[in-house]
Amino acid sequence: MDFASHEEQQPGHEEQHHRPLVAVVMGSRSDYAVMCAAVAVLKEFGVEFETRVVSAHRTPELMFDFARSARRRGLRCIIAGAGGAAHLPGMIAALTVVPVLGVPVPATALQGLDALLSIVQMPKGVPVGTLAIGASGAANAALLAIAMLATTDDALQTQLEEHRETVRAHVAAESLVHEDSMLSGMNA
Ligand code: RP5
C-alpha cells in the first residue's frame, strides 16, 4: 500500500491543504506525551508538519511506505521518537535520504537510556541525529529541523534568531531575580 494514497483515504485529509515539510513520527500513541514538545515548537514557528504513529515492529509495512514516500511527498526532515529497543529512527533512515532526527522516549524501566543507546549507536553509513532523552530532546529536534529549513528560508532564520534572543533575555532576567533574592536574603 502506498503511504501517500493511504493518507488521502483518511477522513478530513482533503481539508488540510498543506504540504508538510517536517514529519513527527512515533512508535506508539503513548510517545505523544513526549513528542508533543516537538509539535509545540513547530506550531510556534508556523512550520507545516504532520504527525504519525508508525511502529517499526508493529506496523513495518506502514513504516516502509512512510519512509519510501517521504522525499516524494516533500518532507525535508523526519523527527522520529521511540522507546525501548527504539529501532524506528534507524529503520526510517535506512529507507530514505531525508534527514532523520531521533528522540529517545523514556518508556521502560531503563527510563530512555535503552532508547538513547539504540538510536545513537547507528553503524557508520546510515546516520540518525540523536537528541536528548524526553521532552527536551523532542523540542530540540524541532528546533534543529527548523534550523535545517532556515538554511534556505531567510524569514525562518530571522524567527530562529529572535527565539534565541528570547531565550537569552529570559535567562538573563532570571539571573537578575536570583541575584536580587539572594541579596535580600543576605540583608534580612
Ligand atoms: C515503543 O514501545 C514505542 O515507541 C513506545 O515508546 C514503547 C511502548 O509502546 P506502547 O506499549 O505504549 O504502545 O515501540
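## Concerning the environment of E50
Stage number 1. Relative to the elements of secondary structure, E50 occurs in strand β2 (residues 49-53).
Stage number 2. One polar contact links E50 to R73, side chain to side chain, over a distance of 2.9 Å.

## Examining the side chain of D114
Stage number 1. You can see D114 is positioned in helix α6 (residues 113-120).
Stage number 2. Those residues in contact with D114 that lie beyond four places of it in its chain are G84 and T108.

## As for the confidence of the model for the protein chain
Stage number 1. Taken residue by residue, the protein chain gives an average pLDDT of 90. The fraction at 70 or more is 89%.
Stage number 2. In the model, residues 1-17 has pLDDT below 50 throughout and makes 21 contacts with residues more than four positions away in sequence or in other chains.

## Let's talk about the packing of helix α3 (residues 32-45) against helix α7 (residues 135-150)
Stage number 1. Running from N to C, α3 and α7 point in directions that differ by 35°, and their axes come no closer than 7 Å. The two elements α3 and α7 meet at a crossing, and its hand is right-handed. Contacts between α3 and α7 pair V34, M35, A37, A38, V41, L42 and F45 from the former with A135, A138, A139, A142, L143 and I146 from the latter.
Stage number 2. The residue makeup of the contact of α3 with α7, split by class, is 13 nonpolar, no polar and no charged.

## As for the pairing of strand β1 (residues 22-26)
Stage number 1. Of all five residues making up β1, five are buried, and the element is well covered by its neighbours.
Stage number 2. Along β1, one buried face is formed by V22, V24 and M26 and the opposite face, lined by A23 and V25, is buried too.
Stage number 3. The pairing of β1 with β2 spans five bridges and is parallel. Counted as the bridge partner of A23 is E50 from β2.

## Quick look at the site of the ligand
Stage number 1. Looking at the ligand, the residues that line it are G27, S28, S30, D31, H57, R58, A82, G83 and A107.
Stage number 2. S28 places a side-chain nitrogen or oxygen 2.6 Å from an oxygen atom of the ligand.
Stage number 3. Expressed as a share of its isolated accessible area of 360 Å², the protein-covered part of the ligand is 69%.
Stage number 4. Broken down by class, the residue content of the shell around the ligand amounts to two nonpolar, five polar and two charged.

## Some thoughts on the packing of helix α4 (residues 60-69) against helix α5 (residues 88-95)
Stage number 1. One way to put it is that α4 packs onto α5 with a least axis distance of 8 Å and a crossing angle of 50°. When the axes of α4 and α5 are compared, the pair comes out oblique. Note on packing geometry: the crossing formed by α4 with α5 is right-handed. In this structure, α4 contributes M63, F64, F66, A67 and R68 to the contact, and α5 contributes L88, M91, I92 and L95.
Stage number 2. When grouped by side-chain class, the residues that make up the contact of α4 with α5 number eight nonpolar, no polar and one charged.

## Thoughts on a nonpolar patch on the surface
Stage number 1. Nonpolar side chains collect at one region of the surface, where L110, L113, L117, V120 and I133 lie side by side and expose about 430 Å² of accessible area between them.
Stage number 2. Tracing the sequence through the fold places I133 in the loop between β5 (129-130) and α7.
Stage number 3. The exposure class of I133 is partly exposed, given its relative accessible area of 33%.

## Description of the nonpolar core
A general trend in soluble globular proteins is that nonpolar side chains are found buried together.
Stage number 1. V22, M35, L42, V47, I79 and I146 are the most contacted members of the largest nonpolar core, which has 28 residues in total.
Stage number 2. Of all elements in the fold, only β1, α3, β3 (77-83), β4 (100-105), α7 and α8 (154-187) reach the threshold of two or more residues within this core.
Stage number 3. Ranked by residues supplied to this core, first place goes to α3 with eight residues.
Stage number 4. Counting residues in each nonpolar core, the second largest holds 22 residues, with A56, A67, I92 and V98 among its members.

Cut-offs and rules
Residues numbered from 1 in each chain as written. Predicted model: local features only at pLDDT ≥ 70, side-chain atom pairs only at ≥ 80, totals over all residues. Heavy atoms only, no water. Helix = DSSP H or I, 4+ residues; strand = E, 2+ residues; numbered from the N terminus. Polar contact = N/O pair within 3.5 Å; in protein donor to acceptor, adjacent residues only side chain to side chain. Contact = heavy atoms within 4.5 Å. pLDDT = per-residue confidence, 0-100. Axes fitted to C-alpha atoms, helices over the stretch in contact; angles between N-to-C directions. Left-handed = near helix turned anticlockwise from the far one by under 90°. Nonpolar A, V, L, I, M, F, W, Y, C, P; charged D, E, K, R; others polar. Buried < 20%, exposed > 50% of the residue type's maximum accessible area, 1.4 Å probe, protein only. Pairing = 2+ DSSP bridges. Near = heavy atom within 4 Å. Areas by Shrake-Rupley, 256 points an atom, 1.4 Å probe, with all protein chains shown as cover. Parallel < 35°, antiparallel > 145°, perpendicular 65-115°, else oblique. Patch = residues over 30% accessible without salt bridge, like charges linked within 9 Å, V, L, I, M, F, W, Y side chains within 5 Å. Salt bridge = Lys/Arg side-chain N within 4 Å of Asp/Glu carboxyl O. Core = buried A, V, L, I, M, F, W, Y, C linked by side-chain atoms within 4.5 Å.

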